[in-house]
Amino acid sequence: MFVLEAVGIIISGFILLRIAGKKVVAEMTPLELVTTLAIGTIIGHAVSENALWKTIVTIAIFVAVLILFQTLALKWELFHKLIIGSPTLVIRDGVILKPNLAKLRMTTEQLEMRIRQQGISNVSDIHIATIEINGQLGYELIESAKPVTHGEFEQLLKFLKVERTDLKPKSHNVFEKINQS
């Protein structure tokens, strides 16, 4: 009987977290979060009720259901979308997509906070941004807002025919003293 209760608890908890939305979850998928919370709660009850074997079996069931769902999500795309979800586009070409924010139950201010936390000061600098399945902000900047890479900088120096040694400061290798020992 308690086996069915354990399966019912994890599935209903998972469904409720999927309904709660992406912004609730930080780094874990909803299924992983429910499993983690449920295990913690079960362990707490086991200590107060002295039901060790029941607790161990219930935790094993939770972990088995988690592994089963993750395996099914790897094999079937439809199951993956149902269980794991998919990213939601929130900015396209510098324009905030308010209908998609509404689906996530996220305000413009909350999105702007996440953008600022990434060090981006202008929404118009973003080509595409999504709220990923783990609740984090994923983004791609427009070309003019992307930082220069080391390779691009070297190409620019070659184009300008500037010797790289002219730009190098005197060596201050922190490992130099260690290597001499």
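The structure contained in this document is the topic of the report that follows. Only a predicted model underlies this, so the values are computations on that prediction, with no experimental measurement involved.

### Quick notes on a nonpolar patch on the surface
Then step 1. Nonpolar side chains collect at one region of the surface, where Val148, Phe153, Leu156, Phe159 and Leu160 lie side by side and expose about 540 Å² of accessible area between them.
Then step 2. The topology assignment puts Phe159 in helix α7 (residues 150-160).

### Quick word on the packing of aromatic side chains
Then step 1. What the rule picks out here adds up to 1 aromatic pair.
Then step 2. An angle of 90 degrees between the planes, with centres 5.6 Å apart, marks the rings of Phe69 and Phe79 as edge-to-face. Taken together, the positions of Phe69 in helix α3 (residues 52-75) and Phe79 in helix α4 (residues 77-83) put the pair 10 residues apart, joining distant regions of the chain.
Then step 3. Given a relative accessible area of 13%, Phe69 falls into the buried group.

### Things to note about the nonpolar core
Then step 1. In terms of nonpolar packing, the biggest core is built from 16 residues, with Ile10, Leu31, Phe62, Val65, Phe69 and Ile83 touching the most fellow members.
Then step 2. Contributions of two or more residues to this core are made by α1 (2-20), α2 (30-49) and α3.
Then step 3. Ranked by residue count, the leading element in this core is α3, at 7 residues.
Then step 4. Apart from the residues within four sequence positions on either side, Phe69 is in contact with Ile11, Leu31, Phe79 and Ile83.
Then step 5. Counting residues in hydrophobic clusters, the runner-up holds 15 residues, among them Ile96, Leu101, Leu137 and Leu141.

### With respect to the pairing of strand β3 (residues 126-131)
Then step 1. Where strand β1 (residues 88-92) meets β3, 4 bridges bridge the pair, whose relative direction is antiparallel. Each residue of the ladder has a partner; that of Ile91, found in β3, is Ala129.
Then step 2. Across 5 bridges, β3 lies against strand β4 (residues 137-141) in antiparallel orientation. Residue Ile131 lies in a different strand from β4, and its bridge partner there is Leu137.

### Quick word on the environment of Ile83
Then step 1. Here Ile83 is to be found in helix α4.
Then step 2. Ile83 gets classed as buried once you look at its relative accessible area, which sits at 5%.
Then step 3. Sequence separation of Ile83 and Gln70 is 13 residues, and the distance between their C-alpha atoms is 8.3 Å.

### Some details on unusual backbone geometry
Then step 1. One non-glycine residue, Asp93, adopts positive backbone phi at about 50 degrees.
Then step 2. You can see Asp93 is positioned in the loop between β1 and β2 (95-96).
Then step 3. Although it is not a glycine, Arg105 adopts a positive phi angle of roughly 55 degrees.
Then step 4. Residue placement: Arg105 occurs in the loop between α5 (98-104) and α6 (108-117).
Then step 5. A relative accessible area of 45% means that Arg105 is categorised as partly exposed.

### Examining the pairing of β1
Then step 1. Among the 5 residues of β1, 4 are classified as buried, and the element is accordingly described as predominantly covered.
Then step 2. As paired strands, β1 and β2 are joined by 2 bridges and run antiparallel to one another. Bridge pairing in β2 links Ile91 to Ile96.
Then step 3. Connecting the antiparallel pair β1 and β2 is a turn made up of 2 residues, with Asp93 showing a positive phi of about 50 degrees.

Reading the values: rules and limits
- Residues numbered from 1 in each chain as written.
- Predicted model: local features only at pLDDT ≥ 70, side-chain atom pairs only at ≥ 80, totals over all residues.
- Heavy atoms only, no water.
- Patch = residues over 30% accessible without salt bridge, like charges linked within 9 Å, V, L, I, M, F, W, Y side chains within 5 Å.
- Areas by Shrake-Rupley, 256 points an atom, 1.4 Å probe, with all protein chains shown as cover.
- Salt bridge = Lys/Arg side-chain N within 4 Å of Asp/Glu carboxyl O.
- Helix = DSSP H or I, 4+ residues; strand = E, 2+ residues; numbered from the N terminus.
- Phe/Tyr/Trp six-rings, centres within 6.5 Å; stacked < 30°, edge-to-face > 60°.
- Buried < 20%, exposed > 50% of the residue type's maximum accessible area, 1.4 Å probe, protein only.
- Core = buried A, V, L, I, M, F, W, Y, C linked by side-chain atoms within 4.5 Å.
- Contact = heavy atoms within 4.5 Å.
- Pairing = 2+ DSSP bridges.

Function cannot be inferred from these measures alone, as they are strictly geometric.
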